[in-house]
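Observations on chain architecture
Okay, here's what each chain looks like letter by letter:
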Amino acid sequence: MSGAMWRAASLGRGVTLGLLLTVHAVAAVEPITVGIAIGAASALTGYLSYKDLYCRFAECCREEQRLNASALKLELEEKLFGQHLATEVILKALTGFKNNKNPKKPLTLSLHGWAGTGKNFVSQIVAENLHSKGLKSNFVHLFVSTLHFPHEQQIKLYQDQLQGWIRGNVSACASSVFIFDEMDKLHPGVIDAIKPFLDYYEQVDGVSYRKAIFIFLSNAGGDLITKIALDFWRAGRKREDIQLKDLEPVLSVGVFNNKHSGLWHSGLIDRNLIDYFIPFLPLEYRHVKMCIRAEMRARGSVIDEDIVTRVAEEMTFFPKSEKIYSDKGCKTVQSRLDFH
């Protein structure tokens, strides 16, 4: 190569690197500038498409990206304790839905159980396996009833806002994920605003919602789940023998008739638009110890079984006579571990 050609090639590489650094610097600020910089860099490099290069520096909605079912399965089995039903149903539901290139409706999951049993944790795992940034993703949307819909007098306003938020976000990314936390504190009627989006329509006002995912998190039904789990325990049957068919019908009827479920007399249940009611079983002493060990590992601490036992024994269990289930699940493990 001649000296002139070498200098020209070096200049080209330098300009390309400069443009890519520019992209990196402005990616989170100004999409149009990002587009111009990437376009120029693509022209110089000649081998990366605009979209490929853009998505290296800014989050993209990858609607056709397949779910890594093996990774999700491993994460659920290693990090979610005492919830064989939730692990099985969520894995099957998500895998089937994501493998279907033409779903007839959005996937809608309703997770039920007492606080500390893993509902929020699972929603975080699901979000991270669908969009790499998880709950921080632009395509994952978390609604908290007491924060976003606090006033009973403003139900009509909330319904209109909710429809607008969902319509806008699904228009931007068809595979958006919507998580509704504290459903049991949601005023009756609010959630029915999204009924048209969950139904078997090809489009609603020109927008298809069929590839979106909706997840409801609720404490409602926790008493029903505990009763059945306790019946199994008292009959000498293993908790792993509990099947979805033992709980799902009871849950759907129970939350439909519960004024404090957020789904009281809801058209979502009446029209069978919720695909799965997923029970989270109350956690036993052994599960609490698993949570403590997991938290110690997450902190980089050596597992000290004496500390594990002491923290577990500080928790309170019910019923009073048998003391089988932790009344707060694993919810207070982190704060209690701070004292040891």
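Use the structure listed above.
Description of the structure in this document. Treat the numbers as computed from the prediction; the structure is a model and nothing was measured.

1. Comments concerning the layout of surface pockets
In this structure, the largest pocket occupies an estimated 820 Å³ of space. What lines the largest pocket is a set of 29 residues, and nearest its centre among them are Gly116, Gly118, Phe121, Cys330 and Lys331. Where the lining of the largest pocket is concerned, the elements lending two or more residues are helix H4 (69–79), helix H6 (119–130), strand S4 (213–218), helix H13 (285–298) and helix H15 (333–337). In terms of residues, the lining of the largest pocket owes the most to one element, H13, which gives 5 residues. Grouping the amino acids of the lining of the largest pocket by side-chain chemistry returns 11 nonpolar, 8 polar and 10 charged.

2. Looking at the packing of helix H5 (residues 84–99) against H6
Look at H5 against H6: their axes get within 12 Å of each other, and the N-to-C directions meet at 25 degrees. Considering their axes alone, H5 and H6 lie roughly parallel with respect to each other. Judged by the twist between their axes, the crossing of H5 over H6 is right-handed. Here Ile90, Leu94 and Lys98 of H5 come into contact with H6, specifically with Val122, Val126 and Leu130. When its residues are assigned to classes, the contact of H5 with H6 shows 5 nonpolar, no polar and 1 charged.

3. Comments concerning the pairing of strand S2 (residues 140–144)
Of all 5 residues making up S2, 4 are buried, and the element is well covered by its neighbours. Of the pairings in the sheet, the one linking S2 to strand S3 (residues 177–181) comprises 5 bridges and is parallel in character. Paired with Val144 across the strands is Asp181, a residue of S3.

4. Some words on helix H11 (residues 244–256)
Taking 1.5 Å per residue as the helical rise, H11 with its 13 residues ought to reach 18 Å, and the 18 Å between its terminal C-alpha atoms agrees with that figure. Turning to H11, its buried residues are Leu244, Leu247, Glu248, Leu251, Ser252 and Val255. An end-on view of H11 places all buried positions within 125 degrees of arc, on one side of the element. As for H11, its buried residues are in contact with H5, strand S1 (107–112), helix H10 (222–234), helix H12 (267–270) and strand S5 (276–279).

5. Brief notes about the packing of aromatic side chains
Considering all chains together, one arrives at 9 aromatic pairs under this definition. Between Phe197 and Tyr209, the aromatic rings sit 4.3 Å apart at their centres with planes inclined by 20 degrees, giving stacked as the arrangement. Within this pair, whereas Phe197 is found in helix H9 (residues 195–198), its partner Tyr209 is found in the loop between H9 and S4, the two being separated by 12 residues in sequence. Classification of Tyr209 as buried rests on a relative accessible area of 2%.

6. Quick word on empty space enclosed by the protein
Enumeration over the complete set of coordinates arrives at 2 cavities of 30 Å³ or more. Computed from the structure, the largest cavity encloses a volume of approximately 40 Å³. For the largest cavity, the full set of lining residues is Gln65, Arg66, Leu67, Lys98, Asn129 and Leu130. Looking at the lining of the largest cavity residue by residue, the classes come out as 2 nonpolar, 2 polar and 2 charged. What the second largest cavity holds in volume is close to 30 Å³. Around the second largest cavity, the lining residues are Arg62, Lys98, Leu130, His131, Ser175 and Ile213. Looking at side-chain class alone, the lining of the second largest cavity contains 2 nonpolar, 2 polar and 2 charged residues.

The rules behind these values
Residues numbered from 1 in each chain as written. Predicted model: local features only at pLDDT ≥ 70, side-chain atom pairs only at ≥ 80, totals over all residues. Heavy atoms only, no water. 1 Å grid on protein atoms, 1.4 Å probe; cavity = no way out; pocket = protein on both sides within 12 Å on 5 of 7 lines; lining within 4 Å. Points joined across faces, edges and corners; volume = space filled by probe spheres on them. Helix = DSSP H or I, 4+ residues; strand = E, 2+ residues; numbered from the N terminus. Nonpolar A, V, L, I, M, F, W, Y, C, P; charged D, E, K, R; others polar. Axes fitted to C-alpha atoms, helices over the stretch in contact; angles between N-to-C directions. Parallel < 35°, antiparallel > 145°, perpendicular 65-115°, else oblique. Left-handed = near helix turned anticlockwise from the far one by under 90°. Contact = heavy atoms within 4.5 Å. Buried < 20%, exposed > 50% of the residue type's maximum accessible area, 1.4 Å probe, protein only. Pairing = 2+ DSSP bridges. Expected span 1.5 Å × (residues − 1). Arc of directions from axis to C-beta. Phe/Tyr/Trp six-rings, centres within 6.5 Å; stacked < 30°, edge-to-face > 60°.

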